[in-house]
Amino acid sequence: MKQTLNTQSSMLNTQRSTLNFQLSTLLKVAAIVVPLLLASCHSKKQVVEVTPPPTPKQVEQVQFIQKVQDNVVQKMFVTSKLKFTVEYGDRKMTLTGNLRMKRDDVIMMQLMAFGFVEAGRLEFTKDYVLIMDRVNKQYLKTPYRNVSFLRNSGINFHTLQSLFWNELFLPGQEGVDSTMFSKFTATRGGEDVIISYEEQDSKMSYSWLANDQTGQINMANIAYRDHIRGNTQLNWDYDNFEKMGGKQFPTLMNVTLTTHETEIKLGIKLNYIEHKSDWETRTNISDKYRQVTVDEILQRFLSLG
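Quick caveat: nothing in here was measured; it's all calculated off a predicted structure. (Residues numbered from 1 in each chain as written. Predicted model: local features only at pLDDT ≥ 70, side-chain atom pairs only at ≥ 80, totals over all residues. Heavy atoms only, no water.)

Here we take up the overall build of the chain. Within the chain one finds five helices and 14 strands. Every one of the 305 residues in the chain was classed for burial, and the buried ones make up 39%. For the chain, the accessible surface area stands at approximately 18200 Å², while carbon and sulfur atoms represent 52% of it. (Helix = DSSP H or I, 4+ residues; strand = E, 2+ residues; numbered from the N terminus. Buried < 20%, exposed > 50% of the residue type's maximum accessible area, 1.4 Å probe, protein only. Areas by Shrake-Rupley, 256 points an atom, 1.4 Å probe, with all protein chains shown as cover.)

Attention now moves to the pairing of strand 10 (residues 217–224). Burial analysis of strand 10 places seven of its eight residues in the buried class, the great majority of the element. When strand 9 (residues 204–211) meets strand 10, the two strands line up antiparallel, connected through seven bridges. Paired with Y206 across the two strands is I222, which belongs to strand 10. Hairpin connection of strand 9 to strand 10: five residues between the antiparallel strands, including G215 at a positive phi of 80°. By the bridge criterion, six bridges tie strand 10 to strand 11 (residues 232–244) in an arrangement that is antiparallel. Looking across to strand 11, one finds that Y224 is bridged to T232. (Pairing = 2+ DSSP bridges.)

This part takes up helix 2 (residues 56–69). When the terminal C-alpha atoms of helix 2 are compared, their 20 Å separation across 14 residues agrees well with the 20 Å that a helix rising 1.5 Å per residue should span. Turning to helix 2, its buried residues are Q61, F64, I65, V68 and Q69. Looking down the long axis of helix 2, one finds its buried residues gathered within 145° of arc, a one-sided arrangement. For helix 2, exposure combined with an orientation more than 90 degrees from the buried face picks out P56 and Q63. Next to the buried residues of helix 2 lie strand 7 (185–189), strand 8 (192–197), strand 9 and strand 10. (Expected span 1.5 Å × (residues − 1). Arc of directions from axis to C-beta. Contact = heavy atoms within 4.5 Å.)

The topology assignment puts N221 in strand 10. In this structure N221 comes out as buried when scored by relative accessible area, which is 10%. At 3.3 Å, the side chain of N221 forms a polar contact with the side chain of Q233. Polar side-chain contacts of N221 include one of 3.0 Å to the side chain of N235. (Polar contact = N/O pair within 3.5 Å; in protein donor to acceptor, adjacent residues only side chain to side chain.)

The next subject is unusual backbone geometry. Even without being a glycine, K137 presents a positive backbone phi close to 55°. Positioned with a positive phi, Y272 is a non-glycine residue whose angle comes to about 60°. As for its position among the elements, Y272 is in strand 13 (residues 263–274). Its relative accessible area of 68% is what places Y272 among the exposed residues.

Working note: α-helix, 3.6 residues per turn, so residues spaced by three or four point in the same direction. Burial of helix 4 (residues 157–164) is extensive: eight of the eight residues sit out of reach of the surface. Listing the buried residues of helix 4 in full gives F157, H158, T159, L160, Q161, S162, L163 and F164. Residue N156 occupies the N-cap position of helix 4, its side-chain oxygen lying 3.2 Å from the main-chain nitrogen of H158. Just beyond helix 4, the residue with positive phi is N166, at close to 65°.

Turning next to the pattern of salt bridges. The full count for this structure, using the stated rule, is 10 salt bridges. Between D212 and R188 there is a salt bridge, and its shortest N-O distance comes to 2.9 Å. Remark: R188 occurs in strand 7 and D212 occurs in the loop between strand 9 and strand 10; sequence separation between them is 24 residues. Assessed through its relative accessible area of 14%, D212 is described here as buried. Judged by relative accessible area, R188 falls into the partly exposed class, the value being 40%. Ionic contacts of the salt-bridge type, sharing partners, join the residues E60, R188 and D212 into one network. (Salt bridge = Lys/Arg side-chain N within 4 Å of Asp/Glu carboxyl O.)

Below, the discussion takes up the packing of aromatic side chains. The tally for this structure, following the rule as stated, stands at eight aromatic pairs. Following the ring pairs from residue to residue traces out a cluster consisting of F169, F184, Y197, Y206 and W208. A cation sits over an aromatic face here: R103 above W165, 4.2 Å from the ring centre. Seen from the ring of Y128, K141 lies directly overhead, with NZ or CZ sitting 4.4 Å from the centre. (Phe/Tyr/Trp six-rings, centres within 6.5 Å; stacked < 30°, edge-to-face > 60°. Lys NZ or Arg CZ within 6 Å of the ring centre and 35° of its normal.)

Moving on, we get to the nonpolar core. Counting residues in each nonpolar core, the largest one holds 63 residues, and the members touching the most others are F84, F124, F164, F184, I195, W208 and W236. Here F124 is in contact with D105, V106, I107, M109, V129, Y144, F157 and L160, once residues within four sequence places are set aside. (Core = buried A, V, L, I, M, F, W, Y, C linked by side-chain atoms within 4.5 Å.)

Attention now moves to the environment of Y88. By secondary structure assignment, the location of Y88 is in strand 1 (residues 77–88). A residue is classified by how much of its surface remains accessible, and Y88, at 18% relative accessible area, is buried. Expressed as a C-alpha distance, the spacing of Y88 and L266, which sit 178 residues apart in the sequence, is 9.0 Å.

Take it as geometry only, folks, not as evidence of what the structure does.
Below, the structure written as structure tokens:
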């Protein structure tokens, strides 16, 4: 009987030892596996948080941006007679001329004196800005980054094209497609919707005012905030819309560029809009012309009026 009890006790001790070993091993495995599992769960949670499902408000905003984009005029060429006014300080001039635009290539304004003599020309391409004073045989041809008020306002060719064509734009992008709609925010207020885009930690902000019902853009604004050098703001208003290719296109644009030093106002009025393509898209500069600064060419332009 005693031997039997000793045998059972020995077996029990062996089982306990085995159980302790298994438990110890299990705990060691758990010590390794559980943190990995938690890290895996945390990682999956992070991925889900990066791309959350859109909220109803975000869906509504994207739908409105689509409405705005539906108003984009699908024409390769836009040409028109032009009335061009400039106010700079206490000076003001008014000239007639022609506007010629080829999408994704060039915006050109020929400015006439006395109604028939070309006095000046403005030409914007992807690579440069060209301002020509035909009367005094002077010109400025330079990259956008070298013109301070364009650089400070974040304006390049694609920005200008969107402003002239009454469209949304994103800085650094050649156009806006449906994959970019969620980058904009749209806030309703009465009959208008404020569309905005602002990069994190950027001095730039962009906004548009569009009609709530039609999605038609009535105003665009670019603001550059610099507490040291001063703020710059470009405001572009649209009016007098006319039918073009089944869409509406503005025939009156009022532009105000405000810096910490000065304010320039431009008026662009279009008449007899067509879609001619038989014109030279680049200007050849004669050797007789002298290159000058932005301030010099502006002063010359204002003296034409």
